[in-house]
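So the chains spell out like this:
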Amino acid sequence: MALGAALGLALTVPGVASAHPGETPPPPAKQPVATGWGGAVSSVDPDATRIGLDVLRRGGNAVDAAVATAAALGVTEPYSSGIGGGGYFVYYDARSRTVRTLDGRETAPAAMREGAFLDPATGLPIPFDQGVNSGLSVGVPGTPQTWNTALRKWGTTDLRAALRPAQQLAERGFVVDATFRDQTAANATRFDDITPTAKLFLPNGQPPVVGSVFRNPDLARTYDELGRKGVDWFYRGGLGREVVRTAQRPPVAPGADRVFRPGLIETDDLARYRVLDQRPTRIDYRGLDIYGMAPSSSGGSTVGEALNILETTAPPRMDEVGATHYYLEASRLAFADRNRYVGDPAFVDVPLRGLLADGFAKERGCLIDPDHAAVSPVPPGDPTAPYQRRCAPSGTPEATEPIEGLSTTHLVTADRWGNVVSYTLTIEQTGGSAITVPGRGFLLNNELTDFNFAPLTPGVPDPNLPAPGKRPRSSMSPTIVLKDGRPFVAVGSPGGATIITTVLQVLNGRVDRGLTLPQAVAAPRLSQRNGAATEVEPGVPASLRTALEQRGHVLKANPEIGAVAALEFLPGGRIQAVAEPARRGGGAAGVVRPEN
Ligand code: GLU
């Protein structure tokens, strides 16, 4: 979102003037679609995309480019991602023709018990914003270890080299755009409660002005030191101790409006942290192999279940109203099952195989009335029972999930060898916990607010309650699609639980509705998550709204859903990188050698 950077590197996004050393160059041109050869990058930010493309040009692979791009997003998108957070990294390895994933989700500290977010006086959940603005919600960050692990396993470079372009970007600065300014302004009253956050992000007590240059020399030094000392500096060393101290005793400004509850995180929690090398979820959808993120994210299982339901119920190329109705109903059912069954598999027995079984999808899909919307909350099914060719829900309706944050960022990369990365990373809320580590230039996450503070439905087991060392359930859905065993599409998005519906809708648009990938990304979005109302973007045509309402869908406006980054392998060895044309100010797609 933030524009422009000054790197002394060759500029790789077309239409950009070259940088003069020591000056901040004009912002690189943003383009939502780029087609060509030799590799591709798509992200929300032109500087980050440019850095990733430059890594590819210099001979790096998709993993090197993904880490460099992510590190750059830590500079220009500091409210959405950074080394104080976590994420999920999905990788297609061209040599072995396999899809691998890394679960870099933040974890709860050993001292966190089930009732951590309950008020001891009342036994009731604390207000959500008191969870957000606290040290209590800071989970052990997974991002530094994710970058290091990905590079070691599959990259060609080391962490130091991968961080260097982002370090330079932080040093020399980027030109502030309206989105960065607006996000800062929206957070100003909590940012000014934390001394180092106010100092960094509210220079002179105000959000930075559009067109000014924003520098983060503290983060530049942090990246430099992290590169030189390695991730042990974070997980077992000095930086880790600073993270712990900051979360335990948030540096609250004099006269702050809020009380920031202390964090429970200890240095031992950092030392214990492990990125998990997970098996991806996989489903067959109309002859394509859809690979996603297994729990602790609910992304792979929920996108997968909904696609399975669509495959059994909705023939491809339906008319727009019919296709939209089925998309919404499939998502509604899949969310009922997600809420009931998905949590961290180290703590909860997640019936993943059942959730992704074709028989279960048939059992769920036959509940869809072609002419009428179901009334939510619909009950979950029973994915553990053998498929009985019946058409009845087995549970009782449960409450639907409360708020999730709307931060996060997604990127995709591909290289000339055919390796592909689809990577979603986050610090949860836009601006995370609002707590900056003093002198280090990055915000700490508030990911532990992704736990349910109390059981959603009293008396019904809840897979997503806090526990020591547990990972809160995520909705992040970095996805890679193979066709005949070769990469076809990579896609993902931010947006809390709307991530799942966004990825689902893009895949549905691309595979079933005859849209190109750029059309599927640009199309107006709708999101149904087993809630009373279906959220719709303003661009959804009135005729479609009316037709849906006639089928009983209750519609509710949502100004903007998701912010996709995606790519597709086209015939003839070409790659098409795709970003948002308009949402969140538009994203940046680029290829190494453009087609014309
Ligand atoms: N914390 C959310 C999740 O893991 C992502 C945050 C967001 O995109 O709003 O699902």
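As a convention, each chain's residues are numbered from 1 in the sequence order in which they are written. Owing to the predicted nature of the model, reporting of local features is limited to residues with pLDDT of at least 70; listing and counting of side-chain atom pairs is limited to 80 or more, with chain, interface and lining totals taken over all residues. Water and hydrogen atoms play no part in the side-chain values, which are based on all heavy atoms of the structure.

Topic: the sheet that holds strand 16 (residues 555-557)
What counts here: Note on pairing: DSSP must find at least two bridges between two strands before they are called paired. Runs of H or I in DSSP of at least four residues are treated as helices and runs of E of at least two as strands, each being numbered from the N terminus.
If you trace the three strands from one edge of the open sheet to the other, you get 14-15-16, paired in mixed fashion. Every interior strand has two partners, whereas the edge strands, strand 14 (526-527) and strand 16, have only one. Where strand 14 lies against strand 15 (residues 534-536), two bridges are found, and the strand directions are antiparallel. Within strand 15, the position partnered with S527 by the bridge is E535.

Topic: the environment of N452
We apply this condition: In protein, a polar contact requires one atom able to donate a hydrogen and another able to accept it; more generally it is a pair of N or O atoms within 3.5 Å, and residues adjacent in sequence count only if both atoms are side-chain atoms.
Here N452 lies in the loop between strand 11 (420-426) and strand 12 (479-483). Spatially, the C-alpha atoms of N452 and G587 are 32 Å apart, while their sequence positions differ by 135 residues. A polar side-chain atom of N452 sits 2.9 Å from a polar atom in the side chain of D462.

Quick word on the packing of aromatic side chains
Heads up, the condition is: Classification of ring pairs uses Phe, Tyr and Trp, with its six-membered ring standing for Trp, and accepts pairs whose centres are within 6.5 Å; under 30 degrees between planes counts as stacked, over 60 as edge-to-face, and the remaining range as tilted. Burial classes follow relative accessibility: with a 1.4 Å probe on protein chains only, a residue under 20% of its type's maximum area counts as buried, one over 50% as exposed, and anything between as partly exposed.
Taken as a whole and assessed by the stated rule, the structure comprises 16 aromatic pairs. Between F89 and W154, the ring centres sit 6.2 Å apart and the planes meet at 20°, which makes this aromatic pair stacked. One end of the pair, F89, is in strand 3 (residues 86-93); the other, W154, is in helix 4 (residues 143-154), with 65 residues separating them in the sequence. For the pair shown, F89 and W154 are each scored as buried. Taken together, a centroid distance of 6.4 Å and an interplanar angle of 65° make the contact between W147 and Y223 edge-to-face. Remark: Y223 occurs in helix 8 (residues 217-229) and W147 occurs in helix 4; sequence separation between them is 76 residues. In this structure an aromatic cluster arises from ring pairing among Y79, F174, F180, F191, F201 and F214.

Some remarks on empty space enclosed by the protein
Heads up, the rule is: The distinction between a cavity and a pocket rests on a 1 Å grid over the protein atoms alone: a 1.4 Å probe fits inside a cavity but cannot get out, while a pocket stays open yet meets protein on both sides within 12 Å along at least five of seven lines, and a residue with an atom within 4 Å of a point counts as lining. Grid points are joined across faces, edges and corners, and a volume is the space filled by probe spheres set on the points. Three classes are used, and their members are as follows: Ala, Val, Leu, Ile, Met, Phe, Trp, Tyr, Cys and Pro are nonpolar, Asp, Glu, Lys and Arg are charged, and the others, Gly among them, are polar.
Scanning all chains against the criterion turns up six cavities of 30 Å³ or more. Space inside the second largest cavity adds up to approximately 70 Å³. Every residue along the wall of the second largest cavity is listed here: R286, L310, A314, P315, P316, R317, M318, A323, N508, D512 and R513. By residue class, the composition of the lining of the second largest cavity is six nonpolar, one polar and four charged.

Focus: the environment of T312
We apply this condition: Residue contacts are defined here by distance: any two heavy atoms, one from each residue, within 4.5 Å place the two residues in contact.
Turning to its location among the elements, T312 is positioned in helix 12 (residues 299-313). On a C-alpha basis, the gap between T312 and R286 in space is 9.9 Å, while along the polypeptide they are 26 residues apart. Among residues more than four places away in sequence, those in contact with T312 are A361 and K362.

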